[in-house]
Amino acid sequence: MKQQNFLLLIKFSELSSVLRKICIVLLFLCAFVFLLMSKFSAPTVQKISEGVFEISTPIIHVLEFPARIIHRAYTYIYDVSHIFSDNQMLREENRQMMFLQNRVRALEVENQLLGRLLNYVPPSKANYISAKVMATSGDVYAHTLVVYIGNSPVKKGQIVLGNESVIGRVEKVGGKYAQVILVTDINSKIPVVIERTRARGILSGNNTDIPQIVFTRPKADIQAGDLVVTSGVGGMFPSGLPVGFVSSVKNGKIDVETIADIDRVEYLKIVDYGDYSNPDLLMKDEGDE
Amino acid sequence: MSDVFAKLQVFLKNRIPFVASLLLIMIFYIPLNVDSYHYLSPYVALLCVYYWTAHKSELFGYFSAFLLGLVSDSYSSAPMGTDILMLLTAVLLIRFIKMYVQPTSFWGGWLLFAFVALIVYVLKFVILALYYERLFSLLPNIANFAVTIIFYPMIAYIMMQIQDKFLTSEISDE
């Protein structure tokens, strides 16, 4: 009887060892399946990712609290120490802005009159949602931010501004948080235009600090220093939003330096451009046509 | 009643390596407003997985690595499954190496971590190059690898404190 029990115990331990090995293989397989499904943009993977994101992000929100207090104290001391020079700079800036404001008013009236003459239909107006940066991906292969959006109706695909210039787009939304893919990320593709020559292209991230413009005409007139703005092609984003300046043009490679300091952005604005900021809806509309 | 409480206590204690790793990963997600933070931020998940697999492998296995990878992937724009695969490979590698080599000194542990990290970084580079069908710049990867190696003593010290404080008594394997 004792021998039988002993043999049974050995068999059980062998079975448990085999099961454990099968589980390990299954976990590796699962990782491979996720990778393959990501390649084909399977919605299941997106849903799993969103689910984990939604559950885990509140932990960061709690952990971030002490860091936020320290940062606020530092900012307060810094601001107080620079109050005099900041005041002088703001006075000068205000003087220039007043001058520009009058010019803009005149141009706006002129633009309206010309628009009426041409029967021009203006694009839909955008609303802005403010959001606070809570986390960064901190990875060489991923340039993303996690932002707190509260109950604002943020959708995937909406463009994100930092310091009044484009810094990325919303990739996923989970509860009160959203993930933003920065323009420097390899997955970021934004249709842009060179403001001076209206040469079109796609601003493509490459996981470095300097994204590049691709798919331009071979002899497009692009020079270092040119302002790059969104083209609005595809209707997903408003046109004319500044993105950056061309930093160099070498051997067909057009490097762009972003206007916003992406590494230091704390608050950002999400552009709600009506229903057309939703890529799924856009694709559906195109399919219907 | 006390039996249930004792079992619950053991269960919670067994989850300390996973919870500590998760919290540490999350802390490193907090933005520091530092230039080029993407390159200067260490691969904390790998550091945690290495420490616990090397020092408390009975409490930190493949499933814990899988969950940490899942969280890490959900914050990243890299394809889902990348970090899961990297962390699982790290556990496999460390357990395999441990069968032949058991580092006794801190320096030995650090060197072994550098070796494991090198393999994981090369693997990640190759897999993502195949996925995106393009080669990435090597320099940011080398910089990030170096930062991860430099951070080993700090992470190991934190984990060692947690281990000494909460995991000194014998805990049954679950």
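Residues numbered from 1 in each chain as written. Chains lettered and ligands numbered in written order. Predicted model: local features only at pLDDT ≥ 70, side-chain atom pairs only at ≥ 80, totals over all residues. Heavy atoms only, no water.

### Quick look at the overall build of chain A
- When helices and strands are counted, chain A shows four helices and 12 strands.
- Seen through its principal axes, chain A has C-alpha atoms that stretch 100 × 55 × 40 Å.
- Looking at the 289 residues of chain A, the share that counts as buried comes to 38%.
- Taking as baseline every contact in chain A between residues at least 6 positions apart, the subset at least 24 positions apart corresponds to 56%. (Helix = DSSP H or I, 4+ residues; strand = E, 2+ residues; numbered from the N terminus. Buried < 20%, exposed > 50% of the residue type's maximum accessible area, 1.4 Å probe, protein only. Contact = heavy atoms within 4.5 Å.)

### What about helix α2 (residues 16-27) of chain B?
- Helix length check: α2(B), at 12 residues, gives a terminal C-alpha distance of 16 Å against a target of 16 Å (1.5 Å per residue), a fit within 8%.
- Most of α2(B) sits out of view: nine of its 12 residues are buried.
- By the burial criterion, the buried members of α2(B) are B:I16, B:P17, B:F18, B:A20, B:S21, B:L22, B:L24, B:I25 and B:M26.
- Buried-residue contacts for α2(B) involve α2 (43-81) of chain A together with α1 (2-14), α4 (44-55), α5 (62-75) and α8 (138-166) of chain B. (Expected span 1.5 Å × (residues − 1).)

### Quick word on the pairing of strand β6 (residues 189-194) of chain A
Residues and elements named next belong to chain A.
- Burial analysis of β6 places five of its six residues in the buried class, which makes it a mostly covered element.
- Where β6 lies against strand β7 (residues 200-204), five bridges are found, and the strand directions are antiparallel. Looking at the pairing, P191 lines up with I202 of β7.
- The antiparallel pairing of β6 with β7 creates a hairpin that spans five residues between the two strands, and R198 there sits at a positive phi of about 60°.
- Sheet analysis places β6 next to strand β9 (residues 227-230), joined by three bridges and oriented antiparallel. Bridge pairing in β9 links V192 to T230. (Pairing = 2+ DSSP bridges.)

### Some points on a nonpolar patch on the surface
- On the surface, a nonpolar cluster with roughly 640 Å² of combined accessible area is contributed by A:L15, A:V18, A:L19, A:I22, A:V25, A:L26 and A:L29.
- Residue classification places A:V18 among the partly exposed positions, given a relative accessible area of 46%. (Patch = residues over 30% accessible without salt bridge, like charges linked within 9 Å, V, L, I, M, F, W, Y side chains within 5 Å. Areas by Shrake-Rupley, 256 points an atom, 1.4 Å probe, with all protein chains shown as cover. Salt bridge = Lys/Arg side-chain N within 4 Å of Asp/Glu carboxyl O.)

### A short note on the pattern of salt bridges
- Tallied over the entire structure, the rule returns nine salt bridges over all chains.
- For B:E133, the salt bridge goes to A:K39, with nearest N and O atoms at 3.4 Å. Highlighted residues: B:E133 in the loop between α7 (106-132) and α8 and A:K39 in helix α1 (residues 2-39), drawn from two different chains.
- A:R169 is paired through a salt bridge with A:E171; the nearest N and O atoms lie 3.1 Å apart.

### A few points about unusual backbone geometry
Residues and elements named next belong to chain A.
- Here the phi dihedral of N207 falls at roughly 65°; this positive angle occurs in a residue that is not glycine.
- Relative to the elements of secondary structure, N207 occurs in the loop between β7 and β8 (212-214).
- Taking relative accessible area as the criterion, N207 reaches 3% and is therefore assigned buried.
- A positive phi is found at F215, a non-glycine position, where the angle reads about 60°.
- Of note, F215 is situated in the loop between β8 and β9.
- Take F215: its relative accessible area is 72%, and that puts it in the exposed class.

### Quick look at the packing of aromatic side chains
- Scanning the model with the defined rule gives 21 aromatic pairs over all chains in all.
- Summarising the aromatic geometry, the rings of B:Y50 and B:Y152 are spaced 5.8 Å apart at their centres and angled 70° between planes, so their arrangement reads as edge-to-face. Of the two residues, B:Y50 is situated in helix α4 and B:Y152 in helix α8; the sequence distance between them amounts to 102 residues.
- You can call B:Y50 buried: its relative accessible area is 1%.
- Through pairs of rings, three or more aromatic residues link up here, namely B:Y50, B:F106, B:W107, B:W110, B:F113 and B:Y152.
- Looking at A:K132, its charged tip hangs above the ring of A:Y267, at a distance of 5.8 Å from the centre.
- Residue placement shows B:R15 over the ring face of B:F11; its charged tip is 4.2 Å from the ring centre. (Phe/Tyr/Trp six-rings, centres within 6.5 Å; stacked < 30°, edge-to-face > 60°. Lys NZ or Arg CZ within 6 Å of the ring centre and 35° of its normal.)

### Examining the nonpolar core
- Ranked by size, the top nonpolar core spans 79 residues in total, and within it B:L46 and B:M159 carry the most contacts.
- Residues in contact with B:M159, not counting those within four places in the same chain, are B:A20, B:S21, B:L24, B:C48, B:Y51 and B:W52.
- Core analysis: the next-biggest nonpolar cluster, separate from the first, contains 38 residues, A:A220, A:V228, A:I262 and A:I270 among them. (Core = buried A, V, L, I, M, F, W, Y, C linked by side-chain atoms within 4.5 Å.)

### Things to note about the confidence of the model for chain B
- When the pLDDT values of chain B are averaged, the result is 89; 96% of them are 70 or greater.
- Here the complex is predicted with pTM 0.82, and the ipTM for its interfaces comes to 0.88. (pLDDT = per-residue confidence, 0-100.)

### Some details on the sheet that holds strand β12 (residues 267-272) of chain A
Residues and elements named next belong to chain A.
- One closed barrel holds the six strands; their spatial order is β1-β2-β5-β4-β3-β12, and the pairing between them is antiparallel. Direction aside, the axes of adjacent strands within the sheet are offset by 45° on average.
- Pairing analysis gives six bridges linking strand β1 (residues 127-136) to β12, with the strands arranged antiparallel. Counterpart to Y128 in the pairing with β12 is V271. (Axes fitted to C-alpha atoms, helices over the stretch in contact; angles between N-to-C directions.)

### With respect to the interface of chain A and chain B
- Every contact between the two is made by 53 residues of chain A and, on the other side, 47 residues of chain B.
- A combined buried area of about 4500 Å² lies between chain A and chain B, and 65% of that area is made up of carbon and sulfur atoms.
- Inspection of the region where chain A meets chain B yields two salt bridges.
- At the junction of chain A with chain B, the criterion picks out 17 residue pairs in polar contact (both at pLDDT 80 or more).
- Listing elements by their share of the side of chain A that touches chain B, those giving two or more residues are α1, α2, β1, β2 (144-148) and β5 (177-182) of chain A. (Buried area = accessible area lost by both parts, 1.4 Å probe. Polar contact = N/O pair within 3.5 Å; in protein donor to acceptor, adjacent residues only side chain to side chain.)

### Remarks on the sheet that holds β9(A)
Residue and element names in this part refer to chain A.
- If you trace the six strands once around the closed barrel, you get β6-β7-β8-β11-β10-β9, paired in antiparallel fashion. Along the sheet, successive strands turn relative to each other by an average axial angle of 45°, direction set aside.
- Bridging between strand β10 (residues 242-250) and strand β11 (residues 253-258) involves six bridges; their strand directions are antiparallel. Within β11, the position partnered with G244 by the bridge is T258.

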